Amino acid sequence: MAAAIRTISVDPSRKRWTREEAAALYRAPFNDLLFKAQTIHRANFDPNAVQVSRLLSIKTGGCAEDCGYCSQSARNGADLKASKLMEVERVINEARKAREAGSTRYCMGAAWRSPKERDMETLLAMVKGVKELGMETCMTLGMLNVDQAMRFKEAGLDYYNHNIDTSENHYSNIITTRTFADRLETLSNVREAGLKVCCGGIIGMGEGEVDRVDMLVTLANLPEPPDSVPINMLIPIPGTQLEDAEPVNPIDFVRTIALARIMMPKSHVRLSAGRTEMSDEMQALCFFAGANSIFGGEVLLTADNPGEDKDEALFSRLGIRPMEFSEL
Ligand code: SAM
Ligand code: DTB
Ligand code: SF4
């Protein structure tokens, strides 16, 4: 089995970021920052194509972790019905519908600290089935060891999502049942198995400017930057620790997207949770700043998302088209 482990190819010429350099960009005049981000975006991607992923919660609620933002933690008072792991056939049927609606990547999420051995066969069957539809597959199930990561890789998993969520410094204000180092370890296990990494965070959890910058410095300076970088705007969920968090200033959110684009020029930057609260203009600025992926559909895992009709109308007004399978 050890032979299947991929050696990580690190590009020695790749830029490593300092906090000072990144902070200077974050604070630059808005037009300068956006011009730079858009220039870098165009050099690496079609500026008018946005990749669409779809999420499905395959196991909802009752989670043992205490993430202060999450509706699914058993430790907070959010009003959510917990469910058991979904059946494989149902997951595949949902994925087929998502493919028909234009999604190219199917992301399956479970409210776990980490997957248990007894569920592995079911999870591997889900990956196989979705992969057979021709879609890219992604899972987000909590912490993984190398052996689990390799079994997912063998079953056809393309991406694993595991967010660092915020800066190392702010992390323990939000989550106490695991550490920032635990998150980095799973990311390293996932890379070692040859899976692509999807890793980002949440803006709007009471963090300062320096925390946003530090989070992006950590991501950009990983041995390899994540292939996908989801930037979520906190959805304040009643009953959670962060239900009354101060809303994010839209300009600061756009700055964060632009900085992610500049620091990780070849990654897909995903404008993730929180779009129902964003105006069309704010989303347009995010696309201009280099976001080139979204979640489509009416729901994320448990919270609302704009839905297909709204997104189709937005894309059409902006002259944006959904990225096709051939462009991935
Ligand atoms: N349990 C797994 C884990 O935590 O790794 C996977 C599912 S978890 C819900 C995936 C990610 O969704 C979190 O890391 C977080 O970044 C994001 N997320 C969860 N609740 C959110 C909220 N209320 N607002 C914005 N993003 C959220
Ligand atoms: C990510 O960064 N955002 C997605 C996905 N990765 C798994 C999840 C967003 C969840 C939003 C809150 C909810 O639906 O419960
Ligand atoms: Fe559990 Fe993931 Fe929610 Fe944390 S973010 S409480 S680990 S489902």
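Reading the values: the criteria
Along each chain, residue indices are assigned from 1 in the same order as the chain's sequence is written. Chains carry letters and ligands carry numbers; both start at the beginning, A for chains and 1 for ligands, and go up in the order they are written. In keeping with the predicted nature of the model, local features appear solely for residues at pLDDT of at least 70, side-chain atom pairs appear and are counted solely at 80 or more, and the whole-chain, interface and lining totals rest on all residues. To get the side-chain values, all heavy atoms of the structure are used, and hydrogens and water are removed first. By convention a nonpolar core is built from buried Ala, Val, Leu, Ile, Met, Phe, Trp, Tyr and Cys residues, the set being connected through side-chain atoms within 4.5 Å. Working definition: with a 1.4 Å probe on protein chains only, accessible area under 20% of the residue-type maximum means buried, over 50% means exposed, and in between means partly exposed. Put simply, DSSP H or I for four residues or longer makes a helix, DSSP E for two residues or longer makes a strand, and each gets a number counted from the N terminus. Proximity is defined per residue: if any heavy atom of the residue lies within 4 Å of a molecule or strand, that residue is considered near it. Throughout this description, a polar contact denotes any pair of N or O atoms lying within 3.5 Å of each other; where both atoms belong to protein, one of them has to be capable of donating a hydrogen while the other can accept it, and for residues adjacent in sequence the pair is counted only when both atoms sit in side chains. Reported accessibility uses the Shrake-Rupley method at a 1.4 Å probe radius. Residues are deemed covered only where the shown protein chains occlude them. Two kinds of site are reported from a 1 Å grid over the protein atoms alone, namely cavities, where a 1.4 Å probe fits but cannot get out, and pockets, open sets with protein on both sides within 12 Å along at least five of seven lines, and residues are called lining when an atom falls within 4 Å of a point. If over half the atoms of a molecule are within 2 Å of the grid points of a cavity or pocket, the molecule is regarded as sitting in it. Under the grouping applied here, Gly and all other residues not named as nonpolar or charged are polar, the nonpolar ones being Ala, Val, Leu, Ile, Met, Phe, Trp, Tyr, Cys and Pro and the charged ones Asp, Glu, Lys and Arg. In summary, the pairing rule links any two rings of Phe, Tyr or Trp, Trp by its six-membered ring, whose centres are within 6.5 Å, and it sorts them by plane angle into stacked for under 30 degrees, edge-to-face for over 60 and tilted for everything else. Geometrically, a lysine NZ or arginine CZ counts as sitting over a ring once it is within 6 Å of the ring centre and also within 35 degrees of the ring normal. Only the stretch in contact is used when fitting a helix axis, every axis being a line fitted to C-alpha atoms; angles between N-to-C directions are given from 0 to 180 degrees. Our angle categories are set so that under 35 degrees counts as roughly parallel, over 145 as roughly antiparallel, 65 to 115 as roughly perpendicular, and the remainder as oblique. Should the near helix be turned anticlockwise from the far one by less than a right angle, the crossing is left-handed, and should it be turned clockwise, the crossing is right-handed. In this analysis, two residues are considered to be in contact whenever any of their non-hydrogen atoms come within 4.5 Å of each other.

Ranked by internal contacts, the top residues of the largest apolar core, which has 89 residues, are Ile58, Met139, Phe152 and Phe253. Per element, the largest residue contribution to this core is 8 residues, and it comes from helix α9 (residues 250–263). With 8 residues, the next largest nonpolar core counts Cys107, Cys138, Tyr159 and Leu300 among its residues.

The next point concerns the site of ligand 1. Close contacts around ligand 1 come from 18 residues, with Thr140, Asn163, Asp165, Arg183 and Ile235 the closest. Side-chain polar atom of Asp165 to an oxygen atom of ligand 1: 2.6 Å apart, as the coordinates give it. Isolated, ligand 1 exposes 560 Å² of accessible area, and the fraction of that covered by the protein chains is 90%. When atom positions are compared with the pocket grids, ligand 1 is found to occupy the largest cavity. Class assignment of the residues belonging to the shell around ligand 1 gives a composition of 10 nonpolar, 5 polar and 3 charged.

A full pass over the atoms with the stated rule returns 2 aromatic pairs. Judged by centre distance (5.6 Å) and plane angle (70°), the ring pair of Tyr171 and Phe180 falls under edge-to-face. Side by side, Tyr171 and Phe180 carry an identical accessibility label, which is buried. The ring of Phe295 is capped by Arg270, whose NZ or CZ atom sits 4.9 Å from the centre of that ring.

Packing of helix α4 (residues 117–132) against helix α5 (residues 146–155) leaves a shortest axis separation of 9 Å and a crossing angle of 30°. Taken as axis vectors, α4 and α5 run roughly parallel relative to one another. The hand of the α4/α5 crossing is right-handed. Of the residues in α5, those in contact with Glu117, Met120, Glu121, Leu123, Leu124, Val127 and Lys128 of α4 are Gln148, Arg151, Phe152 and Ala155. In terms of residue class, the contact of α4 with α5 is made up of 6 nonpolar, 1 polar and 4 charged.

A few words now on the site of ligand 3. With respect to spatial proximity, the complete set of residues near ligand 3 consists of Cys63, Glu65, Cys67, Tyr69, Cys70, Ser73, Ala111, Trp112 and Arg178. Split into classes, the residues belonging to the shell around ligand 3 amount to 6 nonpolar, 1 polar and 2 charged.

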